[in-house]
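# Per-entry structural report
Okay, here's what each chain looks like letter by letter:
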Amino acid sequence: MSWNKNDLIPKEEIQNKVTDVTVQFAERFGKYLAEEEYDSEALTTSQLRKFFGEVKRQQMLGYSETEFTMLKPKLAYAVGRAKQNGKKNKAQKIEDFFIVIKDAIDKVLKSSDRAKAFKNFITVFEAIVAYHKAAEKK
């Protein structure tokens with residue numbers, strides 16, 4: 001099973017304000033990423049935390065369009081590594097994560113108030129990490 005490519009974080013939730021719609025999305029997506037399936041391995045905590053750590057580092061330094069934009073190729077690299085490690089068919093979760101997060105990054109970059117949208121992006125990301133951790137198998 002793969003993530004529905006049309007099930008993305010709503011534009012308004014990134015560009016305007018985070019509501020219960022995003023909390024529900026984060027719960028579904030976080031649980032999906034943590035599920036181990038026959039054809040796809042779960043996204044590991046270390047894969048998720050590595051990317052999340054970079055986002056939090058950027059938050060501490062303040063919004064920089066260049067640094068934020070570079071998150072997309074960094075995540076694309078992680079997807080490529082997962083596929084090259086002999087796990088092409090097992091890399092579905094990280095690829096789905098890339099699709100959702102890349103779309104959210106693009107919504108921040110298209111926002112008229114990028115600093116606000118960046119804060120909302122971080123809030124959404126934190127919720128995804130929390131639900132992933134809650135659903136993770138020990």
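Up top is the structure these notes are about.
For the structure given in this document, a descriptive report is provided here.

## Overview of the pattern of salt bridges
A side chain of one charge can pair with a side chain of the opposite charge when the charged atoms of the two come close. Considering all chains together, one arrives at 13 salt bridges under this definition. The closest approach of N and O atoms between glutamate 54 and lysine 74, which form a salt bridge, is 3.5 Å. In this pair, glutamate 54 is assigned in helix H3 (residues 45–61) and lysine 74 in helix H5 (residues 71–84), connecting sequence segments 20 residues apart. Taking relative accessible area as the criterion, glutamate 54 reaches 15% and is therefore assigned buried. Lysine 74 sits in the partly exposed class, given a relative accessible area of 42%. A salt bridge links arginine 57 to glutamate 67; the nearest nitrogen and oxygen atoms lie 3.2 Å apart. With a gap of 10 residues between them, arginine 57 in helix H3 and glutamate 67 in helix H4 (residues 65–69) connect regions that are remote in the sequence. Overlapping salt bridges bring together Glu54, Arg57, Glu67 and Lys74 as one network.

## A short note on the nonpolar core
Residues Phe29, Phe97, Ile101, Phe121 and Phe125 are the most contacted members of the largest nonpolar core, which totals 37 residues. Excluding residues within four positions of it along the chain, phenylalanine 121 makes contact with Ile14, Val55, Phe68, Ile101, Ala104, Ile105 and Val108.

## As for the packing of H3 against H5
Relative orientation of the contacting elements H3 and H5 amounts to 165°, with a least axis distance of 11 Å. One finds that H3 runs roughly antiparallel with respect to H5. For the element pair H3 and H5, the recorded crossing hand is right-handed. Of H5, the residues touching H3 (which contributes Phe51, Glu54, Val55 and Gln58) are Leu71, Lys74 and Leu75.

## Focus: the packing of aromatic side chains
Within the structure shown, the criterion is met by 14 aromatic pairs. Measuring from ring centre to ring centre gives 5.9 Å for tryptophan 3 and phenylalanine 25, while their planes differ by 85°; the resulting arrangement is edge-to-face. In this pair, tryptophan 3 sits in the segment before helix H1 (11–15) while phenylalanine 25 sits in helix H2 (residues 20–34), placing the two residues 22 residues apart along the sequence. Since its relative accessible area comes to 10%, tryptophan 3 is described here as buried. Taking 5.8 Å as the distance between ring centres and 90° as the angle between the ring planes, the aromatic pair formed by phenylalanine 51 and phenylalanine 97 counts as edge-to-face. Separated by 46 residues along the polypeptide, phenylalanine 51 in helix H3 and phenylalanine 97 in helix H6 (residues 92–109) bring together distant segments of the chain. Taken together through their ring pairs, the aromatic side chains of Phe51, Phe52, Tyr63, Phe68, Phe97, Phe118, Phe121 and Phe125 make up a single cluster. Residue placement shows lysine 93 over the ring face of tyrosine 32; its charged tip is 4.1 Å from the ring centre.

About the thresholds
Residues numbered from 1 in each chain as written. Predicted model: local features only at pLDDT ≥ 70, side-chain atom pairs only at ≥ 80, totals over all residues. Heavy atoms only, no water. Salt bridge = Lys/Arg side-chain N within 4 Å of Asp/Glu carboxyl O. Helix = DSSP H or I, 4+ residues; strand = E, 2+ residues; numbered from the N terminus. Buried < 20%, exposed > 50% of the residue type's maximum accessible area, 1.4 Å probe, protein only. Core = buried A, V, L, I, M, F, W, Y, C linked by side-chain atoms within 4.5 Å. Contact = heavy atoms within 4.5 Å. Axes fitted to C-alpha atoms, helices over the stretch in contact; angles between N-to-C directions. Parallel < 35°, antiparallel > 145°, perpendicular 65-115°, else oblique. Left-handed = near helix turned anticlockwise from the far one by under 90°. Phe/Tyr/Trp six-rings, centres within 6.5 Å; stacked < 30°, edge-to-face > 60°. Lys NZ or Arg CZ within 6 Å of the ring centre and 35° of its normal.

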